[in-house]
Amino acid sequence: MESKQLKQAIKAKAQAIGIDKIGFTDAAPFLSIEAKYQEQIDRGYSTGFEHPILEERIYPDRIFDQPRSIIAICLAYPSAVPVIEEERKGPRRGLFARASWGIDYHTILRDKMSQLIAYLEELVPDARFKAMVDTGELSDVAVAERAGIGFVGRNTLLITPEFGSYVYLGEIVTDLVIEPDDPIPNGCGDCYRCIKACPTQALLGEGQINGRRCLSYQTQTKDLMPLEFRRKMTHVIYGCDICQMACPYNRGVDSHLHPEMEPDAEVVRPVLQDLLFLTNKEFKAKYGHLSGAWRGKKPIQRNAIIALANYRDRSSMPLLMRVLEEDPRPVIRATAAYALSLIEGQQNPALLQLIEDQRAKEDQPAIIDEMTQAIQRLQDKRPAR
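So, here is what we can say about the structure in this document. These numbers come from a predicted model, not from an experiment.

Within the secondary structure, S46 is located in the loop between α2 (31–42) and α3 (54–58). Among all residues touching S46, those that are not within four sequence positions of it are Q40, I41 and R212.

The following block contains the structure:
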């Protein structure tokens, strides 16, 4: 089968199995991003979630024997936050970022790519394939950009003309020769709305980011969250969509093309207090299908405590005091002390004593320091009249 015929057959199959957009590129090295990625490493901007070997992110032939082409695929996901009735009168809720709604997108993308590869193996039995999504060696956005799916915006995300940046990306490296598509022009122009909107100044411009300042990264860490990021996290307990929400290409975009991506309001907007004492089994049963569950319950519970502090939710204080005294994890205990010191509006001798007693039991300097700051915060408040 000739390259053009093969390409048309692949496109037809992709449409039939529910792939929203597909593009093709050659397997030449991604030299245009090498210096940028090296700079990020040198300046300490990498998060540690990236593939650790830079050469394998740049050179497809380091991860696949004699690659000839790369197939890029794109699936669009919903963006409108689900409404919960009687919300104003109900308990405070958190929010999972949009990329964590529905079934874990890694699972959905892998299934689509497996279907496409199975079709190609029937079509060309001797062909070889390697599928990747998110955690693979290559950069999903760099592949998709060169394959003409969209362009990489100043927020470092791929922006498509049809679906904005609300898309999941995956790629298949193969030894098949497939006619490549042309990249589309960058459409950011003189717009800097994403950079201005980023609350932590993580976006550096021209598609670069200090990943360690990104709230999406901060919500996925397991240690104490640095103080400067806690208020800026607001009530979003996993991920961050602020730069996407600011992007003009996302205005009015809300794609509902895949039932498995549809959000369950009670899951993606959970009652924060309900998260505090979940067991591992309960967490996996309710949230395990989300991509936001990949780090386990600890970051989610820590973030829920911070969100309650940001809400100044006094109704949560008895539960937070239980967390302070009973939770076996030092980071969670210390974060509870922080939250209590913010929520309480005046000097409270009993609360002060509770935190002091707990501090005396701690043996980690960072935890002791966090509780000391909480004590000082309470001592600085006006005494109750």
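More follows now that the structure is in view.
Before going further, it helps to spend a moment on the packing of aromatic side chains. On inspection of all chains with the given rule, the structure shows 9 aromatic pairs. Aromatic pair F49 and W294: ring centres 5.3 Å apart, planes at 80°, arrangement edge-to-face. Remark: W294 occurs in the loop between α12 (280–287) and α13 (297–311) and F49 occurs in the loop between α2 and α3; sequence separation between them is 245 residues. On the accessibility criterion, W294 (47% relative accessible area) is partly exposed. Through a chain of ring-to-ring contacts, the aromatic side chains of Y77, Y105, Y166 and Y168 assemble into a single cluster. A cation sits over an aromatic face here: R62 above Y59, 4.6 Å from the ring centre. For the cation-ring pair, R146 lies above F30, with the distance from its terminal atom to the ring centre recorded as 3.8 Å.

Take the sheet that holds strand β4 (residues 129–132) next. With antiparallel pairing, 4 strands are arranged side by side in an open sheet as β1-β2-β7-β4. The sheet is open, and its two edges are formed by β1 (21–26) and β4, each paired on a single side. With strand direction ignored, the average angle separating the axes of adjacent strands in the sheet is 20°. As defined by bridge partners, β4 adjoins strand β7 (residues 167–174) across 4 bridges and the pair is classed as antiparallel. Residue pairing in the sheet places A131 in a bridge with I172 of β7. Those strands touched by helix α4 (residues 105–123) are β1, β2 (69–76), β4 and β7, and its axis lies near 35° from that of β7.

A word on unusual backbone geometry. At Q201, a residue that is not glycine, the phi angle is positive and equals roughly 55°. One can find Q201 in the loop between α6 (193–197) and β8 (203–205). Phi angles above zero are rare outside glycine, and T234 is one such case at about 50°. Within the secondary structure layout, T234 lies in the loop between α8 (227–230) and β10 (236–238).

The rules behind the values
- Residues numbered from 1 in each chain as written.
- Predicted model: local features only at pLDDT ≥ 70, side-chain atom pairs only at ≥ 80, totals over all residues.
- Heavy atoms only, no water.
- Helix = DSSP H or I, 4+ residues; strand = E, 2+ residues; numbered from the N terminus.
- Contact = heavy atoms within 4.5 Å.
- Phe/Tyr/Trp six-rings, centres within 6.5 Å; stacked < 30°, edge-to-face > 60°.
- Buried < 20%, exposed > 50% of the residue type's maximum accessible area, 1.4 Å probe, protein only.
- Lys NZ or Arg CZ within 6 Å of the ring centre and 35° of its normal.
- Pairing = 2+ DSSP bridges.
- Axes fitted to C-alpha atoms, helices over the stretch in contact; angles between N-to-C directions.

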